[in-house]
Amino acid sequence: MGATLEIRFHGRGGQGAVVASELLAQAAFLDGKMPQSFPFFGVERRGAPVTAYTRIDDHPIGIRTSITTPDIVVVLESSLLRTQPVTDGLREDGLLLVNTRNPAEELMIPVPVRRAVVDANQIAVAHGLGSPTMPIVNTAVLGALVGASGVVSLKALDQAIDEFVPARRAENRAAAEDGYHAVHVVEANTPFTPPVPQAVGPTLSLPEGPVATLSSELIHTSAWRTLRPVIHLEKCTRCNFCWKFCPDDAFTFDEKGYPVVRAEYCKGCGICAVECPPRVIEMVEEA
Amino acid sequence: MTLKVMSGNYAQSYAACLARVQVISAYPITPQTSIVEKLADLVASGELPAQFVKVESEHSAMQVCVSASALGARTYTATSSQGLLLMHELLHWAAGMRAPVVMGVVNRSVAPPWSLGADHADTMSQRDTGWIQFYAESNQEVLDTVLQAYRLAEDPAIRLPAMVSEDAFYLSHTLEPVEVPDQSLVDSFLPARDARAVLVPGVAARLGSFTGPQQYVEFRREVAKAMERVPEALRQIEKDYQSLTGRFHGGPVEYYRAGDAEAVLVTMGTMTTTARTVVDEMRAEGHRVGLAKLRLFRPFPATEIRELARRTDRIGVVDRSFTFGAAGAAATEVAAALYSGPHHPVLSNFIVGIGGREVTPNHIHAMFDRLLAGKGPEVQWMDLPLPPEEVAHG
Amino acid sequence: MAKLTIPAPELMRAGHSACPGCAPALAMRLMLKGLGPRTVVSVPACCWTVIDTPYPTTALGVAMLDNPIESTGASISGLRAAADALGIQDLNILGFAGDGGTADIGLQALSGMLERRTDAIYAMYDNEAYMNTGVQRSGSTPLGAWTTTTPVEDGARGKAEPKKDIMGIVLAHRPVYAATVNPSFPEDFVRKVEKARVLRGPRFFHIFAPCPPGWRYASDRTIEIGKRATDCGIFPLYEVEEGRYHVTRKGGALRPVSEYFQAQGRFSHLGPEDVARVQAQVTADWERLLRLENGT
Ligand SMILES: Cc1ncc(C[n+]2csc(CCOP(=O)(O)OP(=O)(O)O)c2C)c(N)n1
Ligand code: SF4
Ligand code: SF4
Ligand code: SF4
């Protein structure tokens, strides 16, 4: 590892990845270090993949670029492993921490690094942080990060949460403590190499003026969802309510007039399930 | 071709009319008002078959022009001073959208205190918006330049908005003879707008859009490149115009008796006329003096300025506004243009005529005298009592 | 399959970048269903700037023009002037703006457009705050609502001022048509748009537009919250044609506003007295609306 420790967070809008990167910086400062943290400034919407960065050093940080060769990558939700190139540039002697229910040995990642897992969703829900469909996992994940790597002291993290988290401080501190104890680390193993999908479609040669002419349907938003609608067609009355209320135009119909979810676009909002009169749409967790 | 006595403001109106503008939108401000009143008459009488959108602010006037331009219409607006400042955000939009809007600006001082006189502070604060900027010396030049500005702005290789500025009262309300070209002649000079790459009803496309840093840089660079093509395109346009009308205003920079001059004043707008007379007088007395009139300020004619420096050892730049904390805007630009060239003449900056104060023959004389006497202070406010050490010097 | 109750063609495309459960996205989908493909949309800075996806893609199947946040009214005046000057016929011109870009910073341009009788439709989607910049209060934020600039702390209970009455402001300009619509009632929504489409002159829509992150509720409740808003009278559905009022949904007695408040985190700090105060206002407004409809 170089003199500066570089940590990259991957999460979704609404999960608290940016706040996690900030809390870690505050904790490092309480430990007497010189931290830096910043988000990738995009146009994050709830559910959309987001990235945030933290650097920690004994001396003031002299660089302001994004982190391309991190020592540690923290993934706040495991489905991002499939859709985002989260391990890009991760150092061979680095660490990958993932929030997942699955064992660390089963993580399908393309690089042979140390890896750690924690079921931060369960911890967050247990402490009433966020909702069961949208748990706010950042403090539990930070606890796990401290447990797996010791980048900051648990005491400093606890203090940072107490000082800088605006609400439910006690619950967040407890979640961090639980994450610290629950994290499970395994050493490097042989890599699995899945294809990493490209984020956005084609690039064009630019016209002189800013005129956009390609369809947004080139962009797949399936990575935004954590829940997926499953229609029990045998009980469907073909009333079209699901189609009518979908804000993402994610429905089409089969030749018999039954609704079909266009999985590339569904963001898993759950509106169709709530609005289906006979309640035959079920929201199931993404594998 | 008919000769008529008219104000600079009417020269703007008639030029817009001859250009067959399709959408006009404006909000009144002294001393621009007679431009839009005249256009309102021309539209009301049916002489000009255009849509005149009477808006509740200059900001909306510019938005109307930008949006109308996006659908392919040829548009015109005019403003001054505070009105131009209020438009500021939209000026960036026009350029970024590559909307070839043409605007008449009557250069007027900026409040406070309220004041109505000629002053370039309004347009100088818009230098960085991506607009082509012309400054005119006479009502004839106003009319000719508006027509040329449309050709230039709508050139497929350029597609940038352009403003044609005239000094408050010294042109806006001054009557003088102007040759008005026949409509058929203007039509052969300025064809209907080529509306490629604008929004087409029924076609899915988004004009404006948003980007990350990557494509944003590319789009900015395209604007910069279009600006770089302006001087060459303007020279060709003036050639065409000259062959139809016989008139030539000098391209980006008009030189006056500058070829062998020991000292040259760089001027803009109406002060140039007075300066010409003084140059003639001083030449008659044996002083080798001359002028370089900046007709184009954006893009800045750096090549021409370097060429001037090759022939002249003393350059005085005359600014009708002041950039607080720096110097006159034109002087700063001239200095920047000269830095990379091989010739570094003595450079002085004269601040004069602010807020409508007159630029008299005495001023011009004094500036030449100071230049010829040697290197004075870099920035000299001409109208104010000189500090004692400068009195001794001058 | 059951007959579709709203038009089938989709002019808003999938792949857009709205949050899951975003009503402003659904509102655009319904609006374009009512207007059809010969439409040009002018959009100021707002969530829709982002929802429409980055260059080189666009989520609209029609022509779209970006404009700054404060000048949508002027932009649609310019588009109409150009269409008239160029002889382009049968073109729907739509301004589609947020509540901040309409009722606050864009109010002047809206007023100008209405007063000069621009032949265009202006639609304000009301998510009741500046959402694109991260949930700050707007003039359209309701009394008591939490936003990041109307925090809920010991001495502060959300927004201290009531919501701006945009319909009142618009109606003072006597537009040819103005209506409230709510994506929870898509048939009513599209019917009104289709009606407005064939009228000439300035037309206005006030769109109720719940926003899950900004209003703090789970994304699957968007339609339900919209229904409650109308059924409790907080957001009544009506139209005003040449000054004549017509309430387009009357479901018998109004439901209590508490049902609407309960569903949203942004109101969770409100006590019974706060709710009672709003209830009294809503009841009075509803009765006033009925009187306007009856011309009494
Ligand atoms: C002149 C100006 N000031 C501020 C902004 C920043 N800004 C962008 S979007 C936005 C919020 C718009 O709110 P609203 O119109 O309610 O639409 P929403 O974001 O809720 O969709 C603001 C303040 C801007 N673009 N321009
Ligand atoms: S979950 Fe939401 S986005 Fe997915 S199909 Fe249902 S309504 Fe559409
Ligand atoms: S809403 Fe339910 S019943 Fe109706 S078409 Fe959709 S799945 Fe079938
Ligand atoms: S913040 Fe609200 S209005 Fe904006 S995209 Fe998300 S849900 Fe829609």
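Quick caveat, the model's predicted, so the values are computed rather than measured. (Residues numbered from 1 in each chain as written. Chains lettered and ligands numbered in written order. Predicted model: local features only at pLDDT ≥ 70, side-chain atom pairs only at ≥ 80, totals over all residues. Heavy atoms only, no water.)

## Digging into the site of ligand 1
All names here are of chain C. Heads up, the rule is: Near residues are defined by distance, with any heavy atom within 4 Å of the molecule or strand qualifying the residue. Polar contacts, as used here, are pairs of N or O atoms within 3.5 Å; protein pairs need one atom able to donate a hydrogen and one able to accept it. Residues neighboring in sequence count only if both atoms are side-chain atoms. Areas reported as accessible are Shrake-Rupley estimates using a 1.4 Å probe. Residue values count occlusion only from the protein chains shown.
As a matter of local geometry, ligand 1 sits amid 16 residues, with Cys47, Gly100, Gly101, Tyr125 and Asn132 nearest to it. Measuring from an oxygen atom of ligand 1, one finds a backbone N or O atom of Gly100 at 2.8 Å. One nitrogen or oxygen atom from the main chain of Gly101 is found 2.7 Å from an oxygen atom belonging to ligand 1. Contact with the protein chains hides 76% of the accessible area of ligand 1, taken as 580 Å² for the molecule alone.

## Describing the sheet that holds strand E7 (residues 162-167) of chain B
Residue and element names in this part refer to chain B. Note the threshold: Strand pairing is assigned whenever DSSP identifies at least 2 bridges connecting the two strands. For helices the rule is a DSSP run of H or I covering at least 4 residues; for strands it is a run of E covering at least 2, with both sets numbered from the N terminus onward. Lines fitted to C-alpha atoms define the axes here, with helix axes fitted over just the stretch in contact, and angles between the N-to-C directions of these axes take values from 0 to 180 degrees. In what follows, residue pairs with any heavy atoms lying within 4.5 Å of each other are defined as contacts.
Sheet architecture is open: seven strands sit in the order E3-E2-E4-E5-E7-E6-E13, paired in mixed fashion. Single-partner strands in this sheet number two, and they are strand E3 (51-54) and strand E13 (296-298). Averaged over all pairs of adjacent strands, the angle between strand axes in this sheet comes to 20°, irrespective of strand direction. Both strand E2 (residues 23-26) and strand E4 (residues 75-80) contribute to a ladder of two bridges, which runs parallel. In the strand pairing of E4, Ile24 is matched with Tyr76. The sheet strands contacting helix H1 (residues 8-18) are E4, strand E5 (102-107) and E7, and the helix crosses E7 at an angle near 155°. Those strands touched by helix H7 (residues 139-154) are E4, E5, strand E6 (132-135) and E7, and its axis lies near 170° from that of E7.

## Digging into the interface of chain C and chain A
Under the convention used in this document: When two parts are brought into contact, each loses some accessible area as probed by a 1.4 Å sphere; the total of that loss over both is the buried area. Every case where a carboxyl oxygen of Asp or Glu lies within 4 Å of a side-chain nitrogen of Lys or Arg is listed as a salt bridge. Residues are grouped as follows: Ala, Val, Leu, Ile, Met, Phe, Trp, Tyr, Cys and Pro are nonpolar; Asp, Glu, Lys and Arg are charged; all remaining types, including Gly, are polar.
Residue-level contacts link 47 residues of chain C with 38 residues of chain A. Counting each side, the surface lost to burial between chain C and chain A is near 3,500 Å², with a carbon and sulfur contribution of 60%. Taken together, the connections running from chain C to chain A amount to two salt bridges. The residue A:Lys244 makes a salt bridge to C:Glu187 at a minimum N-O spacing of 2.7 Å. Scanning the region where chain C abuts chain A turns up 18 residue pairs in polar contact (both at pLDDT 80 or more). Those elements giving two or more residues to the side of chain C that touches chain A turn out to be helix H1 (23-35), helix H2 (47-51), strand E2 (57-58), helix H7 (186-197), helix H8 (212-215) and helix H9 (222-231) of chain C. Tallied by class, residues from the side of chain C that touches chain A come to 25 nonpolar, twelve polar and ten charged. By the bridge criterion, two bridges tie strand E9 (residues 214-215) of chain A to E2(C) in an arrangement that is parallel. Bridged to A:Leu214 within E2(C) is C:Thr57.

## Some remarks on the packing of aromatic side chains
Centre distance and the angle of the planes are the two values used to describe a pair of aromatic rings. Residue and element names in this part refer to chain B. For clarity, the threshold we go by: Pairing of aromatic rings covers Phe, Tyr and Trp, the last through its six-membered ring, and needs centres within 6.5 Å; plane angles under 30 degrees mean stacked, over 60 mean edge-to-face, and all others mean tilted. Three exposure classes are used, based on accessible area relative to the maximum for each residue type with a 1.4 Å probe and protein chains only: buried under 20%, partly exposed in between, and exposed over 50%.
Inspection of the entire model under this criterion finds 21 aromatic pairs over all chains. Plain terms: the ring middles of Tyr135 and Phe297 are 6.2 Å apart, the flat faces sit at 80° to each other, and that makes the pair edge-to-face. Highlighted residues: Tyr135 in strand E6 and Phe297 in strand E13, separated in sequence by 162 residues. The class of Tyr135 is buried, set by a relative accessible area of 1%. When the centroid spacing of 5.5 Å and the interplanar angle of 80° are considered together, the rings of Phe297 and Phe300 count as edge-to-face. The pair formed by Phe297 and Phe300 is uniform in burial state, with each residue classed as buried.

## Concerning the site of ligand 3
Near ligand 3, the surroundings consist of 14 residues, among which A:Cys236, A:Cys239, A:Asn240, A:Cys242 and A:Cys276 are the closest. Tallied by class, residues from the shell around ligand 3 come to eleven nonpolar, two polar and one charged.

## Focus: the nonpolar core
The condition that has to hold: What makes a nonpolar core is a set of buried Ala, Val, Leu, Ile, Met, Phe, Trp, Tyr and Cys residues whose side-chain atoms join them at distances within 4.5 Å.
Counting 81 residues, the largest nonpolar core has C:Met31, C:Trp48, C:Phe96, C:Phe205 and C:Ile207 as its most contacted members. It is H1(C) that contributes the most residues to this core, nine residues altogether. Setting aside anything within four residues of it in sequence, one finds C:Ile207 in contact with C:Ala27, C:Met31, C:Phe96, C:Ala123, C:Met124, C:Tyr125, C:Asp126, C:Val181, C:Pro183, C:Phe189 and C:Phe235. Judged by nonpolar contacts, the second largest core, of 59 residues, contains B:Val64, C:Leu91, C:Ile166 and C:Trp286.

## Re the interface of chain B and chain C
Every contact between the two is made by 37 residues of chain B and, on the other side, 40 residues of chain C. Both sides together, the interface formed by chain B and chain C hides about 2,900 Å², and carbon and sulfur atoms give 65% of it. In terms of surface lost to chain C, no three residues of chain B exceed B:Leu71, B:Arg206 and B:Phe210, which account for 23% of the buried area on that side. Inspection of the chain B/chain C interface yields three salt bridges. Residue C:Asp52 pairs with B:Arg206 through a salt bridge whose shortest N-O separation is 3.2 Å.

## A few points about the side chain of A:Asn172
All names here are of chain A. Position of Asn172 among the secondary structure elements: in helix H6 (residues 169-182). A polar contact of 3.3 Å, which involves the side chain of Asn172, links it to the backbone oxygen of Ala167. Sequence-distant contacts of Asn172, that is, excluding residues within four places in its chain, are made with Leu129, Thr139, Ile161, Val165 and Ala167.

## Regarding the domain arrangement of chain A
Residues and elements named next belong to chain A. What counts is decided by this rule: In this document the domain limits rely on a domain assignment from an automatic tool or a database.
Taken domain by domain, chain A comprises domain 1 (5-186) and domain 2 (217-285). Here the C-alpha centre of domain 2 lies 32 Å away from the C-alpha centre of domain 1. Across the boundary between the two partners, domain 1 contributes eleven residues, which contact six residues of domain 2. Inspection of the domain 1/domain 2 interface yields one salt bridge. The partner of Glu285 in a salt bridge is Arg101, and the shortest N-O contact between them spans 2.5 Å. Scanning the region where domain 1 abuts domain 2 turns up three residue pairs in polar contact (both at pLDDT 80 or more). Grouping the amino acids of the side of domain 1 that touches domain 2 by side-chain chemistry returns two nonpolar, four polar and five charged.

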